[in-house]
Amino acid sequence: MQQIINFVIRYKNFLLYLFLMLISLGFTIQSHSYHQSRFFNSSNWITGGIYGAFNGISGYFGLSEENQKLVEENKQLRSLLFNREQADTVQLDTTQLIYTITSGKVVKNSYADPRNYITIDRGRKDSIQPDMGVITQKGILGIVENVSGNYATVQSILNEKSNINAKLKNTDHFGSLIWDTERFNVVQLVDIPRLVPLTIGDTIVTGGMSSIFPENIPIGTIQKFDLDTANSFYRIDVQLFNDMTNIKNVYIVQNVDREEILELEAATINEQ
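Participant: Any chance you could explain the sheet that holds strand S3 (residues 133–135) here in plain terms?
Facilitator: To summarise the sheet geometry, strands pair through backbone hydrogen bonds and adopt either a parallel or an antiparallel arrangement. Around the barrel, six strands lie side by side as S1-S2-S5-S4-S3-S12; this closed barrel has antiparallel pairing. This sheet shows a mean twist of 45 degrees between the axes of neighbouring strands, independent of strand direction. Bridging between strand S1 (residues 99–109) and strand S12 (residues 249–255) involves seven bridges; their strand directions are antiparallel. The residue of S12 that forms the bridge with Tyr99 is Asn255.

Participant: Sorry if this is basic, but what is going on with a negative patch on the surface here?
Facilitator: Together, Asp257, Glu259, Glu260 and Glu263 line one region of the surface with negative charge. As for its position among the elements, Asp257 is in the loop between S12 and helix H5 (258–271). Under the relative-accessibility criterion, Asp257 is labelled partly exposed at 32%.

Participant: Help me understand the pairing of S1 in this model?
Facilitator: For a regular strand, side chains alternate in direction, first toward one face of the sheet and then toward the other. Pairing of S1 with strand S2 (residues 115–120) involves three bridges; the strand directions are antiparallel. When the sheet's bridge partners are listed, Asn109 is paired in S2 with Ile118. Adjacent in sequence and paired antiparallel, S1 and S2 are bridged by five residues.

Participant: Any chance you could explain the packing of aromatic side chains here in plain terms?
Facilitator: One pair of aromatic rings is described through two measures. These are the centre distance and the angle between the planes. If you walk through the whole model with that rule in mind, you get two aromatic pairs. Plain terms: the ring middles of Phe225 and Tyr234 are 5.6 Å apart, the flat faces sit at 85 degrees to each other, and that makes the pair edge-to-face. Of the residues examined, Phe225 reaches a relative accessible area of 30% and is grouped as partly exposed. Tyr234 sits in the buried class, given a relative accessible area of 14%.

What counts as what
Counting starts from 1 at the beginning of each chain's written sequence and moves along it residue by residue. With the structure being a predicted model, the display of local features is reserved for residues of pLDDT at least 70 and the display and counting of side-chain atom pairs for 80 or more, all residues being used for whole-chain, interface and lining totals. In computing side-chain properties, one takes all heavy atoms of the structure into account and sets aside hydrogens as well as water. What makes two strands pair is DSSP finding at least two bridges between them. Helix and strand definitions follow DSSP, with helices as H or I runs of at least four residues and strands as E runs of at least two, each counted in order from the N terminus. Here an angle of 0 to 180 degrees is reported between the N-to-C directions of two axes, which are lines fitted to C-alpha atoms, with helices fitted over the stretch in contact. Each patch is assembled from residues with relative accessible area greater than 30% and no salt bridge, linking like charges that lie within 9 Å and nonpolar side chains (Val, Leu, Ile, Met, Phe, Trp, Tyr) that lie within 5 Å. Each accessible area value is a Shrake-Rupley result obtained with a 1.4 Å probe; residue values ignore everything except the protein chains displayed when judging cover. Any carboxyl oxygen of Asp or Glu that lies within 4 Å of a side-chain nitrogen of Lys or Arg is treated as forming a salt bridge with it. The charged-residue count follows a simple rule in which Lys and Arg add positive charge and Asp and Glu add negative charge, with His and chain termini not counted at all. Each charge is placed at NZ for Lys, CZ for Arg, CG for Asp and CD for Glu. Here the term buried applies to any residue with accessible area under 20% of the maximum for its type, exposed to any over 50%, and partly exposed to those in between, with areas from a 1.4 Å probe on protein chains only. Working definition: a ring pair exists when centres of Phe, Tyr or Trp rings (six-membered ring for Trp) sit within 6.5 Å. Plane angles under 30 degrees give stacked, over 60 give edge-to-face, the rest tilted.

Right, dumping it as structure tokens:
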């Protein structure tokens, strides 16, 4: 308390000056409309700047939550899209769903080895099973291979063992999507007959015949193609839409009818 008294005594002249200046400013602002206008505009500018900075900071720290909301919204929209493509009705309920979508994140990604795998943070507790398709916002990523309680490994399309049904979007001619292990942004589409018209830049999408991926999931565009004259089939280089070096959010796709389809096909084969 004594220190405060000493401070006031020491700076009494300066404090008296500030007090009198504030009183004079108050009288000036009250008696002149111009000064009132300038004062309130200045105070609004200052408080607006403070609130703007505060909102910017709070918005930055809220980006993770907003991003998760967008992921969930995209999951719902993709679910509606995939199922609407399989049905002639817009009104869909859970009993009509053909594909279910689960969102997840990549925790490990390899793209430089001949047999690349991706680890995601969804597993058995999230109803993830082997042979589910995995996609991103831009296109196809791979197929679930092994599952634990909380995680799953995905066989990337950048894997020499990968073999996925794919087709030309313009003509619906389909073949097999493989990887020659040479470039991490290019895969190959094979088994396309020589009679099929091809153009650089044509879009390649999933064929939907494997019961893993819905039809028409984007894959990439034709970069170049060569004809194997001995077998009369094209070998097509496909530039991927996905940047395989920078994958974060993913969507795991389940075909609800897959088990029934596989059982029916197995029974048909056994009867032959």
